[in-house]
Each structure stands twice: as structure tokens, then as C-alpha cells.
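# Fold and geometry: a report
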Amino acid sequence: MVGKNQISSKGLVVYEYIIFILYLCIGFIPNFEAVDKIAPQWLFMSLLNLSAGLYILKNKSFYSERISTHLNSWITLTYAFFIFWGGVSFFYAINPTEVIVNISRQFNVFWMFINMSILLLSIKNKSNFFSLVLTIILGIEVYAILNQGVEMINTTGQISPGFLKGLTANRNIAAFSIALKVPFVLFLTTKTNLKKTKILGIIVSSLAMIAISMIQSRASYLAIGLIVIVYVIMPFIYFKEKNIFFKLKMILNVIIPLITSVFINQLFFASKGADAITRASTISFSTNDGSINQRLRYYGHVLTHLKSNPILGVGLGNWKFKSIDYDKSTMDGYVVPYHAHSDFIQLGAELGVIGFLSYLGIFILAIFFSFKILVDSKLSREQKIFIYLTLLSLGVYLIDANLNFPIARPQVIIVWALIFSIISFYFHEELKLKRQSKSDLKNKLFLYSLLILSIPSLFVSFKVFGSLKNQTLLLRDFNSNKYYTKMNQIENMDLRVPNVTVTTIPLKAVKARYYLNNKQYDEALDALEGSSNANPYLFFTENMKSRVFQATGQIDSAYHYSKLAFFGLPNNSLHAANFVKLAMLKKDTITIEKAAGQLLDSQSPVNWQNIITANIDIVGYGNEKLMELTNRAVKLFPNNTNFLTLRKLAYVNPNNIKRGVELSRKATSYYNNNKFDEAIKLYLEAIKIDPMEYSYLENAASTFYQLKEYGNSMLYSSKVIGRFNPGTGKSEYIHGISKIATGDLKGGCDFVSKAIKMNFKDAIPTFNQFCLN
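For clarity, every value in this text was computed on a predicted model and none was experimentally measured.

Reading the values: the criteria
Residues numbered from 1 in each chain as written. Predicted model: local features only at pLDDT ≥ 70, side-chain atom pairs only at ≥ 80, totals over all residues. Heavy atoms only, no water. Helix = DSSP H or I, 4+ residues; strand = E, 2+ residues; numbered from the N terminus. Contact = heavy atoms within 4.5 Å. Areas by Shrake-Rupley, 256 points an atom, 1.4 Å probe, with all protein chains shown as cover. Lys, Arg positive; Asp, Glu negative; His and termini not counted. Charge placed at Lys NZ, Arg CZ, Asp CG, Glu CD. Buried < 20%, exposed > 50% of the residue type's maximum accessible area, 1.4 Å probe, protein only. Expected span 1.5 Å × (residues − 1). Polar contact = N/O pair within 3.5 Å; in protein donor to acceptor, adjacent residues only side chain to side chain. Core = buried A, V, L, I, M, F, W, Y, C linked by side-chain atoms within 4.5 Å. Salt bridge = Lys/Arg side-chain N within 4 Å of Asp/Glu carboxyl O. Axes fitted to C-alpha atoms, helices over the stretch in contact; angles between N-to-C directions. Parallel < 35°, antiparallel > 145°, perpendicular 65-115°, else oblique. Left-handed = near helix turned anticlockwise from the far one by under 90°. Nonpolar A, V, L, I, M, F, W, Y, C, P; charged D, E, K, R; others polar. Phe/Tyr/Trp six-rings, centres within 6.5 Å; stacked < 30°, edge-to-face > 60°. pLDDT = per-residue confidence, 0-100.

Right, let's talk about the overall build of the protein chain for a bit. Secondary structure summary: the protein chain contains 35 helices and zero strands in total. Judged by the C-alpha coordinates and their principal axes, the protein chain covers about 110 × 70 × 45 Å. Taking the intrachain contacts of the protein chain between residues at least 6 apart in sequence as the baseline, contacts between residues at least 24 apart amount to 72%. Surface summary for the protein chain: the accessible area is close to 34100 Å², and the carbon and sulfur share equals 59%. The protein chain carries 78 positive and 48 negative side-chain charges, and their two centres are separated by 9 Å.

Dropping the structure here:
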């Protein structure tokens, strides 16, 4: 081909190899002071796309046929429609700015896929090249994980799997970045006849599986299971003429790494906090599993939203806002359910059924193309095995996409783009009976359109990178409740793109936090004006407004915004504490009762304590609703003795509480002087006056024991255990020694043993004396 010779003569053919290597190495780009390394990675992808696009444009005559074919590919057209539909969501999104940020990223992935699909034309021995490059990259990633694990063992003697992330942002990304590349290593191991290369491939696969076993990501265990099963089937499909010993020998390429990884894990890492077998045994679909339960809850929220909004969703990248509204009763602080843990259904919530089907359609087409290549093409057996294993890598990605959120992570999405470009390329090159006619004008329009669109995309990537560098400072201050960042730095920060932090807090509201600390109240209110539009479900802005109005003495306005913040996000302890303080000041009985109703959906002991305290302060003791609320709290938080105190305040006249304390103090004085007859009279009187104070019952039980009235001792200690259950172990101990004193050694030892489990150390000598035999 003339075009190809022209490029080769200019020495430019090496550029295609360089551009692919640079794409695949994007995951190695560090944070560069950004709060999340995805910011510089998306920026680098934008620059690389622009560079590759200019190169293709310069050599468009050589790539003309490939561009034309690609323009008419169903994958390209479906993908382009998905991008278009995502862009349309700007007009109905909760936060249109987030659509701009996310459509820029989706455009960059689309363009990367286009560039890869076109540039593949110049890559010779594609299967060998990509498998080799990905094997080298995998080796670097695995080394980072193993090195990190060894450092943990040397430092603490234990591995902390949750912090094993290697060169990535978290362990799930690390695990799937490794798993995605294992099929390409297996290809090299399968195709080679060189013993050294085969051994090297098995070693790399073994190390990869060892790293995954240490990371403890259960979803990646499913991926490894898929890899093993699909690879074991392969010899029976592509080597039918070979005998069973040949097939079994080939199967060892994946079985040896699997067995080796399990053996090494159990021998060296299981006892150090990274037991792969135990971790794998917890894989289930039971709602008793916290992680599974959380994912199912997120899936349920998405499906509920889709039922009521089937056509238009909340806007691309906007589910993280709407999800707060669905999950607010279980949220802790400002930690939002950022992702639905399934790219597919999350896109359904963001873009409706049309967006969901268009994204799903890309995968369906890729799978269909793969099977057509494997069944109908005249590729060699080696090349079909390469496509077979590439499809296996896509299967690994599908597991990740249905349990995590790889669409948001460049390190994983790059391998996805490569997989799709390989499948698309082989399908059109090997199976297209009718070549697409060349159209220079159409090709030029296509390439120029991409280049023009790259300008705003590059601008957005640059702005996001700058913002995430600023957020390193802002979130450091926010999380530590400090103000290290200077005011002049805050003033110079661009807070428009994006307009929320990576944790979805409106950036203008974060800026107001500094104004408030600096007592610039007017500037704080100006910054807060309209900032809730960026995230109307977090109510951080309303809480900030309440604080500003408190600082300026405008209590009515402060109370108004505190109510908006609390009832908008009732499980947030900051909102609850601020609201309670002002409600007590305003003596607002009606609103406090309404707030008490919100507690039924809350699992926060701090919120329960705050609201009940406010109720007691406003309505006093003896209120039936309040007493019922304290009973609920005691049942919900059985190990929190604060609620026993609050229940007493709800039930008992304060004067009786005071009188009971006086009686108990005198009784204790008698007890300490061995005047047990006088002590028991006062303890019983205190119980009669304040029956909700368990310590009086407990002390009475102890006094009866000293009086050798073991029946009464057991009676009063059992009242503490049955009605109050403070969890200190003291009543269990008194009950136990009383039983032993009556001759019930077995029953007594059972209660003494319970006391020890509750960390009541005085029970240990008794247990050693009476219960060891």
C-alpha cells in the first residue's frame, strides 16, 4: 500500500506504538497534588487524544478507508448516540455543570476508542504486541501491591487489605486492573513454544493472583473464577484434534497460578489478615452481608427512581445527588452514596431507559461481533484464541461494571477501550464483505468535528484538575475542622467547574465556611446564595446559613434554616445538634415532636440522644410519647447506658431523682462501714422514689448478698439484667455468686462467665475458685 510506505519512509509508523503505550500507561500518572488522581489522568487522556487526532488528520489519506469503515460501524454509531443523549441531559439535570464534567469524560473515552480503532491498522502482530505490553504493565502493578503488602508486614506484622491499592486509588480498582490483564498474559503463555516464556507467563499469572488474594476484593474473586472456567473450556474448543494429555497440559497454564496463589496465601498471608479462602467463603447473596445489603439497597433506589422516571433521568453524573434523597435515613454525616455500584443501572437512573439501552447496546454489539469473528472469520487459530481471551477480559469488565463503577476510572476504562477497539477492528477487517466507500469530505468533517469538540473537553479537564488540586486544601481543612488555607487563596480559587467537591458539597458553601470563620458575614451569605442549587439534597448550605445567622444574632432566621437542614437530612449529627440547640432555645414543642418522629428511620445514637434531650428539656417528665421514645432508644441501643439515664429523666420527677441520689449516697456510706441493715433500708427507699435507676437495684442486690439473703439478692440483680441490661457485668456477677452460695454451682458459674465476657474483672477470681473444675 502506497500510503503505508509513505508513512514508513517518514519513520512515523513507530508513533502508533508509542501512542498505544502512552494510553495504556495513563494509570501510572500520579495525583500531582490533586485530591484524586483521576483528574490528571483525564487531563492527560485529553492531551493524548488531541495529539493522536492531529496525527490521524495529518495522515488521513492512509487511514481513509479505516475512518470510513469506522464511521459506519454500529458500535461507533451506538456509542455516539449515547454521548449525544448524555449531552441532552444538560437541559434537565439537577446540576448541569456535572453533566459538562461527565460528558467531557465520556467524549474523551469515545475519542480514545476512535483513535485506537483507527491506529490499529498500523500495528503488526497486534495480539503479541498488546499482550506483551499489558503483561509488562501488569508486572509493575503486581510489584506495587506485593511491595506494599510486605511493607505492611514489616511495619505492623499484619496486612490491611483495605489499604492495599498499589498504584491506584483503592483496592477494587487495583484488583480489577490486574484481573483485566490476566487473559492477555494467558494468551502469551498459550501461544508460545518457548519454555522460558511459558514459565515467565505462569509466574506473572501466579503473582497476579497472589496480589488479588491479598487485596481481598470479593468481586475480583468472581472475576478470577470466570477466567479459570473460560480458559479451561478453551482447549476443548480450539484443540479438538489434540489428545486429552495435551489439553490437560494447557489447562495447567491457569490451574498452576490458581493453586500457587492459594498455597502462598495460606502459607504466608492468611495468618496476617489476608486469608483468601475465608474471604471467598463470605461471598453470598444474603442480605445479612453488609456489603451485599448496601448494594441491594442502592439497586433498589435506582429501580424505584426508574419506575417513576423511565424516559428522562437526573442527568449524566447526577445520580450522586439524587441518591442522597433515597438514602438519607442511613447516611453518616456528608458521606453520600456516590455510585450505585452498577454502571448500567446508574446510567439508567441518570439517562432513563434510552440512555441505559444505548450503553448496554455497545456491549451487546461487541459480544455479537466477537462471536461472529470466532465463528465466521478465517482467522488463524492463534488469532481466534486472542479474540476469545479478549472477550474473556470483557467478561471480567462486566463483573466490575455490575458491582463497582469502572466507568469513572481511567485506569480501567482504558483497557475497556482497547478491548472494544480490537473487537471492532477485527470484525470490520475480517468480516466486512462490502468495503465502505471512501469519502474524504465525510472523513474530514468527522475528524474536524472531533478536534473542535476536543477544545472544550480539554478546557473542562484542565479546570477539573485545577479544582481537585484546590480541593486537596479545602477538604483537608473541612475534615479536620481547621482553616489552614489563607483567605487570599480562597478568593483566587475558581469554584465554577466543577461546582461541588468530590464529596458533593457545594464549593461556594465551602468558601462561605472561611468567610464565617473570618467574621465576614455578608460575604458568607453572598457566597451561600444559590449554592444549594449545586446539590439541593445535602442541605449543607442551609446548615451554613443557620450558623451565619446565629453569629449575627438573627435567631429566627437561624432556626428556620436549621429546621430545613435537619428535616432535609435528619441523620446528619451536625444538622441535628444545631437544630436541637435552637429548638430548645425557642421552646418549640410541636417541631421537636415532629423531629422525634424522624428518629424512627435513624440509626444514629447521637441524633437520638440530641432529640430526646431536647424533648425532656421542653416537655419535661411524664409525657407518654417521650417515655415510649426512650423505651425504643433503649431497645435500639442496648449497650449505650446514656439512654437508660434519658429514660429515667423521661419517667421520673426531677425532685425524686435528686432525693434518690441523696438516699443512695447515705446508703453507700453505711455499706462501706459494714452497716448493711441500715444500707438496705435506704437503698429500697431510693428504689421506691426512683425505680428507673438501675444502680440502686444493683446496690440493693449486693447488700442483700452481704446479709446472706441470697433470694433477694438474685431477685434484685435479675431485675437489673431483665429490665435494664446495662452490660457492665456487675449484676451478672452478683447473681452468679448468689446462686453459688445457694448451692447452684452450674447456674452460678454460667452468670460469672457472662460477667467475665462483659469485662467485669472482679469475677475472674471467683471463676477460678469455683468454676474451673
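Turning to unusual backbone geometry, a few remarks are in order. In this structure, proline 498 follows valine 497 across a cis peptide bond, with omega equal to -5°. For proline 498, the location among the structural elements is in the loop between helix H19 (487-492) and helix H20 (507-517). Here lysine 587, not a glycine, exhibits a phi torsion of approximately 55°, which is positive. As for its placement among the helices and strands, lysine 587 is situated in the loop between helix H24 (573-586) and helix H25 (589-598). With relative accessibility at 49%, the residue lysine 587 sits in the partly exposed group. Although it is not a glycine, asparagine 759 adopts a positive phi angle of roughly 70°. Structurally, asparagine 759 can be placed in the loop between helix H34 (745-757) and helix H35 (763-770).

For the rest of this paragraph, the subject is H24. With 14 residues, H24 extends 20 Å from end C-alpha to end C-alpha; this agrees with the ideal 20 Å at 1.5 Å per step. Along H24, the positions that sit buried rather than exposed are His575, Ala576, Asn578, Phe579, Val580, Leu582 and Ala583. The distance from a side-chain oxygen at the start of H24 to the backbone nitrogen of leucine 574 is 2.9 Å, and the residue carrying that oxygen is asparagine 572. Lysine 587 sits one or two residues past H24 and shows a positive phi near 55°.

Let us now look at the nonpolar core. Ranked by size, the top nonpolar core spans 133 residues in total, and within it Phe20, Trp416 and Phe420 carry the most contacts. A per-element tally of this core places helix H17 (residues 410-431) first, with 15 residues. The contacts of phenylalanine 20, once residues within four sequence positions are left out, are Met116, Leu119, Leu120, Ile123, Phe129, Phe130 and Leu418. Among the nonpolar cores identified, the runner-up in size contains 48 residues, and Ala583, Ala595, Leu599 and Tyr696 belong to it.

On to the pattern of salt bridges, then. In this structure the tally under the stated criterion is 21 salt bridges. Aspartate 556 is the salt-bridge partner of lysine 586, the closest N and O atoms lying 2.5 Å from each other. Taken together, the positions of lysine 586 in helix H24 and aspartate 556 in helix H23 (residues 555-568) put the pair 30 residues apart, joining distant regions of the chain. Where glutamate 693 meets lysine 648, a salt bridge forms, and the shortest distance between an N and an O atom there is 2.6 Å. You can see glutamate 693 sitting in the loop between helix H30 (676-689) and helix H31 (694-706) and its partner lysine 648 sitting in helix H28 (residues 642-651), a full 45 residues away along the chain. Exposure remark for lysine 648: the relative accessible area of 8% places this residue in the buried category. Residues participating in the shared-partner salt-bridge network are Lys322, Asp325 and Lys328.

So, about the environment of isoleucine 362. Within the element layout of this structure, isoleucine 362 appears in helix H15 (residues 343-376). Here isoleucine 362 is in contact with Ile75, Thr78, Tyr79, Phe82, Trp416 and Phe420, once residues within four sequence places are set aside.

This part takes up the packing of helix H21 (residues 521-528) against helix H22 (residues 540-551). Each pair of packed helices can be summarised by the angle the axes make with each other and by the distance between the axes. Running from N to C, H21 and H22 point in directions that differ by 160°, and their axes come no closer than 10 Å. With respect to their mutual orientation, H21 and H22 come out roughly antiparallel. Here H21 runs over H22; the crossing is left-handed. Taking contact as the criterion, the partners of Tyr521, Ala524, Leu525 and Leu528 in H21 are, on H22, Thr541, Met544, Lys545, Val548, Phe549 and Ala551. Partitioning the contact of H21 with H22 into residue classes produces eight nonpolar, one polar and one charged.

On to the packing of aromatic side chains, then. Tallied over the entire structure, the rule returns 48 aromatic pairs. A centroid spacing of 5.2 Å and a plane angle of 70° characterise the contact between tyrosine 671 and phenylalanine 676, whose relative ring orientation is edge-to-face. When its relative accessible area of 14% is taken as the criterion, phenylalanine 676 is described as buried. Measuring from ring centre to ring centre gives 6.2 Å for tyrosine 694 and phenylalanine 724, while their planes differ by 40°; the resulting arrangement is tilted. Linking tyrosine 694 in helix H31 with phenylalanine 724 in helix H32 (residues 710-724), this pair joins segments that are 30 residues apart in sequence. The pair formed by tyrosine 694 and phenylalanine 724 is uniform in burial state, with each residue classed as buried.

The next point concerns the side chain of serine 342. Following the sequence through the fold, serine 342 ends up in the loop between helix H14 (319-327) and H15. Residue classification places serine 342 among the buried residues on the basis of a relative accessible area of 3%. Setting aside residues no more than four positions away along its own chain, serine 342 makes contact with Tyr299, Ala401, Asn402 and Asn404.

Residue position: tyrosine 231 is located in helix H10 (residues 218-238). Between the C-alpha atoms of tyrosine 231 and proline 654, which are 423 residues apart in sequence, the distance is 74 Å. Beyond its immediate sequence surroundings of up to four residues, tyrosine 231 is in contact with Leu186, Thr190, Met250, Ile251, Asn253, Val254 and Leu389.

Another aspect to go through is the confidence of the model for the protein chain. Residues of the protein chain with pLDDT of at least 70 account for 96%, and the chain-wide mean is 90. Ignoring residues within four places in sequence, the model shows residues 1-11, a span with pLDDT below 50, making nine contacts including any to other chains.

A word on the packing of helix H6 (residues 96-119) against H17. Where H6 contacts H17, the two axes come as close as 9 Å, and the packing angle between them is 40°. Classified by the angle their axes make, H6 and H17 are oblique. Regarding H6 and H17, the two cross each other, and that crossing is right-handed. Here Val109, Met112, Phe113, Met116 and Ser117 of H6 come into contact with H17, specifically with Ile413, Ile414, Trp416, Ala417, Leu418, Phe420, Ser421, Ser424 and Phe425. Taken together, the residues of the contact of H6 with H17 break down into eleven nonpolar, three polar and no charged.

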